[in-house]
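# Commentary on secondary and tertiary structure
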Amino acid sequence: MSSVPDVGSVASPRPLIVSRSIDQALYQRGLAAGLSELQARILAGRLAQYEGEVSALVDPALKHLAHPGLLADGPRAAERIAQAVAEGEHIGILTDYDVDGITSHVVIRRTLNELFGVPEQRLHSLIGHRIHDGYGISLPLVERALKLSPRPSLVITADCGSSDEPRIARLREAGIDVVVSDHHALPVEGPPPSAYATVNPTRSDCGYPDATIAGCMVAWLLMSLSRSTLIEMGVLPSSVPKLSAWLSYVALGTVADCVSLGGSAINRAVVRHGLSLINRMNEPCWRAMAERLGEDSVPFNAETLGFQMGPRINARSRLDDPYAALHFMLAADDAVAQRHLQVLDDDNQSRKAIEADMAEQARRLAGQSLEANDPVIIVFLEDGHPGVQGIVASRLVQSYGRPTVVLTPAAEAGMLTGSGRSIEALHLRDALQRAYELAPDTLPRFGGHRGAAGVGVPRERLEEFRKALIQAAGEQLAGVELVPRLYTDGELNGQQLQLATLDEIDSLGPYGREFDAPLFAGQFLVERVRPVGDGSHLMMELSLQRQSWKAIWFRAIKPGDIPPFSEGHQLQCAYKLNRNRYRGRESLQLMIEYAEVVG
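Treat the numbers as computed from the prediction; the structure is a model and nothing was measured.

All chains considered together, the criterion is met by 33 salt bridges. Arg203 is the salt-bridge partner of Asp205, the closest N and O atoms lying 2.8 Å from each other. Residue classification places Asp205 among the partly exposed residues on the basis of a relative accessible area of 49%. Residue class for Arg203 comes out buried when judged on its relative accessible area of 12%. Each member of the salt-bridge network shares a partner with another, and the members are Asp503, Asp506, Arg579, Arg581 and Glu586.

Sheet architecture is open: 5 strands sit in the order 8-9-10-12-11, paired in mixed fashion. Edge positions in the sheet fall to strand 8 (377-380) and strand 11 (445-448), since each of these pairs with one other strand and no more. Sheet twist, expressed as the mean angle between neighbouring strand axes with direction ignored, is 15°. Two elements, strand 10 (residues 415-421) and strand 12 (residues 452-458), share 7 bridges in a ladder whose sense is antiparallel.

Where helix 9 (residues 247-256) meets helix 10 (residues 265-278), the closest approach of the two axes is 7 Å, and the angle between their N-to-C directions is 125°. If you check the angle between helix 9 and helix 10, you find them oblique. Crossing of helix 9 over helix 10 shows left-handed handedness. Taken together, the residues of helix 10 that come into contact with helix 9 (itself represented by Leu247, Ser248, Val250, Ala251, Thr254 and Val255) are Asn267, Val270, Val271, His273, Gly274, Leu275, Leu277 and Ile278. Of the residues contributing to the contact of helix 9 with helix 10, the split by class is 9 nonpolar, 5 polar and no charged.

So, about the packing of helix 5 (residues 99-115) against helix 8 (residues 215-232). Running from N to C, helix 5 and helix 8 point in directions that differ by 15°, and their axes come no closer than 8 Å. In terms of orientation, helix 5 and helix 8 fall into the roughly parallel class. Every pair of crossing elements has a handedness; the one defined by helix 5 and helix 8 is right-handed. Residue-level contacts link Asp100, Thr103, Ser104, Val107, Ile108, Thr111 and Leu112 of helix 5 to Gly215, Cys216, Ala219, Trp220 and Met223 of helix 8.

This paragraph deals with helix 18 (residues 499-506). Every buried residue belonging to helix 18 is among Thr501, Leu502 and Ile505, and all of these are buried. All buried residues of helix 18 fall inside an arc of 100° around its axis, so they share one side. On its buried face, helix 18 is in contact with helix 2 (37-44), strand 14 (520-532), strand 17 (570-582) and strand 18 (585-597).

This brings us to the environment of Thr304. Checked against the element boundaries, Thr304 lands in helix 12 (residues 302-319). Take Thr304: its relative accessible area is 10%, and that puts it in the buried class. When the C-alpha positions of Thr304 and Gln498 are compared, they lie 22 Å apart, and in sequence the two are 194 residues distant. Beyond its immediate sequence surroundings of up to four residues, Thr304 is in contact with Leu293 and Met309.

The way to describe two aromatic rings as a pair is by their centre distance and the angle between their planes. With the rule as written, the count across this model stands at 7 aromatic pairs. Relative to Tyr575, the ring of Phe520 lies with its centre 6.1 Å away and its plane at 45°, an arrangement referred to as tilted. Of this pair, Phe520 sits in strand 14 while Tyr575 sits in strand 17, placing them 55 residues apart in sequence. On the basis of relative accessibility, which here comes to 0%, the residue Tyr575 falls in the buried class. Grouped by ring-pair contacts, the aromatic residues Phe520, Phe524, Trp549 and Tyr575 constitute a single cluster. Its guanidinium or amino end placed over the ring of Phe515, Arg46 lies 6.0 Å from that ring's centre, counting from NZ or CZ.

Rules of the game
- Residues numbered from 1 in each chain as written.
- Predicted model: local features only at pLDDT ≥ 70, side-chain atom pairs only at ≥ 80, totals over all residues.
- Heavy atoms only, no water.
- Salt bridge = Lys/Arg side-chain N within 4 Å of Asp/Glu carboxyl O.
- Buried < 20%, exposed > 50% of the residue type's maximum accessible area, 1.4 Å probe, protein only.
- Pairing = 2+ DSSP bridges.
- Helix = DSSP H or I, 4+ residues; strand = E, 2+ residues; numbered from the N terminus.
- Axes fitted to C-alpha atoms, helices over the stretch in contact; angles between N-to-C directions.
- Parallel < 35°, antiparallel > 145°, perpendicular 65-115°, else oblique.
- Left-handed = near helix turned anticlockwise from the far one by under 90°.
- Contact = heavy atoms within 4.5 Å.
- Nonpolar A, V, L, I, M, F, W, Y, C, P; charged D, E, K, R; others polar.
- Arc of directions from axis to C-beta.
- Phe/Tyr/Trp six-rings, centres within 6.5 Å; stacked < 30°, edge-to-face > 60°.
- Lys NZ or Arg CZ within 6 Å of the ring centre and 35° of its normal.

Here's what the structure looks like:
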């Protein structure tokens, strides 16, 4: 077999195409629950030793949501919010700048304003600038809050705050209570002691049954609990609407933040229900996006949220302040939504160009780590844009099958800022904690979770940080072969390559992290092939058992290169099934993830 060469500066190792291991007990339970053989295989190939109800995963419903009162500090936080509403206090809403943070902000703001009746002039949006302020409750955000007039007496955070004790203490000293709602791992010393309350499902004393929920879901639960508290106090009538309509935003934030859609019945229910709300197109932001993507994009699915909406919203904060994204989500009419979406779209195009240049540089620099067989790739891009670090890190993880941290200069003199992405075998937050224990002075700031994290590193300590993280990652990854892996769900015969099979697969959705969309393996004859787009994508016609299908392989070659195979070649492919919509008509299309010539 000859494989298609990598398009980067350092050749990617040939990926391992691995058939998923099947949990036989879950496979049989799936069949007993009425799933088809293919559906049972897909389910049992993603979850091992799952003991919950199969129906909770395959037919996710809101009945699986646990009561928000189970959140540690939840009732205390809700009472403080209710007090602020009842007594007419000014309230600050402080959230992260990514999709999870923006959707959290929308949930909190719309609830306070539209359901609880807090006037706009008493609500203050505080969202940090990724480059100038940094992540979380940064010092610039604290100073901004303190300069507000009137100054808020309560600040509610979302998707941040768990690791920000010094800044929370500063706000508390100024007479501002801080209610933290977050989902990121807490520091080893526990919740920030200066916070009035810390609502975080990862707390060791938290009774909420699912610690994998996104920040926007934590915010939604907290505001739901605040609604109940206000009704119990007699401040609101029992007829005030519940927050169900805001689950559309929670679905977007959940998918975009890449939290688990595997064994989490709650995350699956939220995304399934949220997508049904989005596809009603009741909000200007959804209608504007549907118009931008074209009529064939509707109905939206989790892939639309993760690969179309999410990147556009994130692009703004990667390159500039994030308020255009907030204004887009909050737009009251279609014209305003379209205007803000244009800004997001323009930023997304700029982001793609910056990303391509940085990825090329990062691949060249990755060679040193690959030659040394380091368990983690750490690259420093002197001229890199800090807003695109995470995307570039993801590209290297995909290419080389190793956890990666990409660093660039920070706004703070003498500091580097970085984003990391990981592989399934490495818990990145834990690895950073271990690196901190090994060399505390090299890592004054870090945070995140299993799959992604952010760091702050003194420039002069870069090599010490590199050594500490390599040791920490090596301890977790001992004995693991570090190459890209493509996990497939086996083969499909020619009769299964039809839209009915895709319907069968789609009914098991939503797909996302820890519940990947099905990937299949198969051998096809190349009938036609031609470069399209910028010349890096290949449009093909592939045949099997006297049937043929259109197929596309994105980023298969370098622009201008000749495809490494032609008509008449046999290809071994790893591919997904895709629904191609064109002028109201649907057809099956194969999405090639990887291919190599047979023979």
